[in-house]
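Now for the letters of each chain:
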Amino acid sequence: MDTESFELKVVDVVEETDDAHSITLEVPEDLAAHFAYKPGQFLTVAVPSDLTGVAARCYSLSSSPRADRAEATVTITVKRTRDGYASNWICDNVREGSTLRVLAPSGIFTPASLDDDLLLFAGGSGITPVISITRTALARGTGRIVLFYANRDERSVIFAEDLQQLSADHPDRLVVVHWLESVQGLPSQEQLRAFIAPYTSWNAFVCGPAPFMKLTVAALRELEFPRERRHQEKFVSLGGNPFGDLHALDDVEVYEDDEPEVSGPQGPVKLEVELDGEEHVFDDWQPGTKLLEHLEAKGVKAPYSCREGECSACAVRLLEGEVRMLHNDVLDEEDLAEGIRLGCQSVPVTDTVKVTYH
């Protein structure tokens, strides 16, 4: 693996709640281009592990990118999870002056336009990418924002003061609705459907615990939200090591050539790729070679993070032809039906393939 990682210095740690810390990292001027990011994206962090050498985890950026200057800092927010090794290690050990090894920002949980009307749903620490979207849209966009934020109780509300201040500063554009389980119980699909009903023409973003996301997405589907206006963020614990230090994985066996056989074309495939407004055309994509690996070999800087099919940083939309994914832990049946595929795991099935990066 040749994933480029960066050592960033921690310049501030804020205890948002009893179990959530915001960690601000300094970005040197020569790395500013690597850390240009969109609201809703995440960083992949290397956490030392006695079992595997490195435990890789994805944490959303809670800071807001500024359009008028290169970013000097970025901030992630990490909430402790029960039996969560990485989150507890970060909250227990990371202090001002520490360093963290990270990959560049990734992810597709971000609005296409900051001028859209946004219907945002966050459960617990799912507020992290959502507040980045909220802050950025209010600062740089023109649309209205309605945020439904569910938590266990009042003490669990991350960014409570920030949300209060944003609401006061933008009373005509931002409405925040807090839902506390300690007061109202868990929200039902019927209650969520009633909440959503006035906003069926807006763009919805959902992030939080799996049951919360499942319930919210079901309510959105009931109201016939089209897939292109319905977004959800999914994170899983990365099983592989995207940081390239294979020597550090003392207890992990790595098989470079032991990949399953894949049926497909017998000869080279024609590949067309749209990325960042540019079109790349190749006539020599070899069967069995992953899309990301082929693009890297051609000098194309395609996005990725884990390289294991366990995050969505490398997602593409299939426009023509078909590919097969060797591994997929994040895309559901609806994503697949919409033509979304993981570039790091896709090998060609047809003689011609055309894709576009989100």
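These notes cover the structure that comes with them. Bear in mind that the values here come from a model prediction, so they are computed numbers and not experimental data.

1. Brief notes about the environment of Asn-203
With respect to the element layout, Asn-203 can be found in strand 10 (residues 203-207). With relative accessibility at 14%, the residue Asn-203 sits in the buried group. Note: C-alpha distance between Asn-203 and Arg-227 (24 residues apart in sequence) is 9.9 Å. Those residues within four positions of Asn-203 in sequence are excluded, and the remaining contacts are Asp-116, Asp-117, Leu-118, Leu-119, Glu-228 and Arg-229.

2. Here we look at the pattern of salt bridges
The tally for this structure, following the rule as stated, stands at 12 salt bridges. Across the pair Asp-153 and Arg-152 runs a salt bridge, and its minimum N-O distance is 3.7 Å. For Asp-153, a relative accessible area of 24% puts it in the partly exposed group.

3. Considering the sheet that holds strand 18 (residues 352-357)
Across the sheet, which stays open at both edges, the five strands sit in the order 13-12-18-14-16 with mixed pairing between neighbours. For this open sheet the edge positions go to strand 13 (278-285) and strand 16 (340-342), each flanked by a neighbour on one side alone. Recorded for the sheet is a direction-independent mean angle of 35° between the axes of neighbouring strands. In the sheet, strand 12 (residues 269-275) pairs with strand 13 via six bridges, with the strands oriented antiparallel. Looking across to strand 13, one finds that Leu-275 is bridged to Glu-278.

4. A word on unusual backbone geometry
The phi dihedral of Phe-159 falls on the positive side, at around 65°, and the residue is not glycine. Assignment of secondary structure puts Phe-159 in the loop between strand 8 (145-151) and helix 3 (160-169). One non-glycine residue with positive phi stands out, namely Glu-224, at about 60°. Exposure remark for Glu-224: the relative accessible area of 69% places this residue in the exposed category.

5. Regarding the side chain of Glu-272
With respect to the helices and strands, Glu-272 occurs in strand 12. Classification of Glu-272 as buried rests on a relative accessible area of 15%. Setting aside residues up to four positions removed in sequence, Glu-272 forms contacts with Glu-279, His-280, Val-281, Val-353, Lys-354 and Val-355.

6. Some words on helix 5 (residues 189-196)
Buried within helix 5 are the following residues: Leu-192, Phe-195 and Ile-196. What you see down the axis of helix 5 is that its buried residues fit within an arc of 95°, all on one side. Turned more than 90 degrees away from the buried face of helix 5, the exposed residues are Glu-190 and Ala-194.

Reading the values: rules and limits
- Residues numbered from 1 in each chain as written.
- Predicted model: local features only at pLDDT ≥ 70, side-chain atom pairs only at ≥ 80, totals over all residues.
- Heavy atoms only, no water.
- Helix = DSSP H or I, 4+ residues; strand = E, 2+ residues; numbered from the N terminus.
- Buried < 20%, exposed > 50% of the residue type's maximum accessible area, 1.4 Å probe, protein only.
- Contact = heavy atoms within 4.5 Å.
- Salt bridge = Lys/Arg side-chain N within 4 Å of Asp/Glu carboxyl O.
- Pairing = 2+ DSSP bridges.
- Axes fitted to C-alpha atoms, helices over the stretch in contact; angles between N-to-C directions.
- Arc of directions from axis to C-beta.

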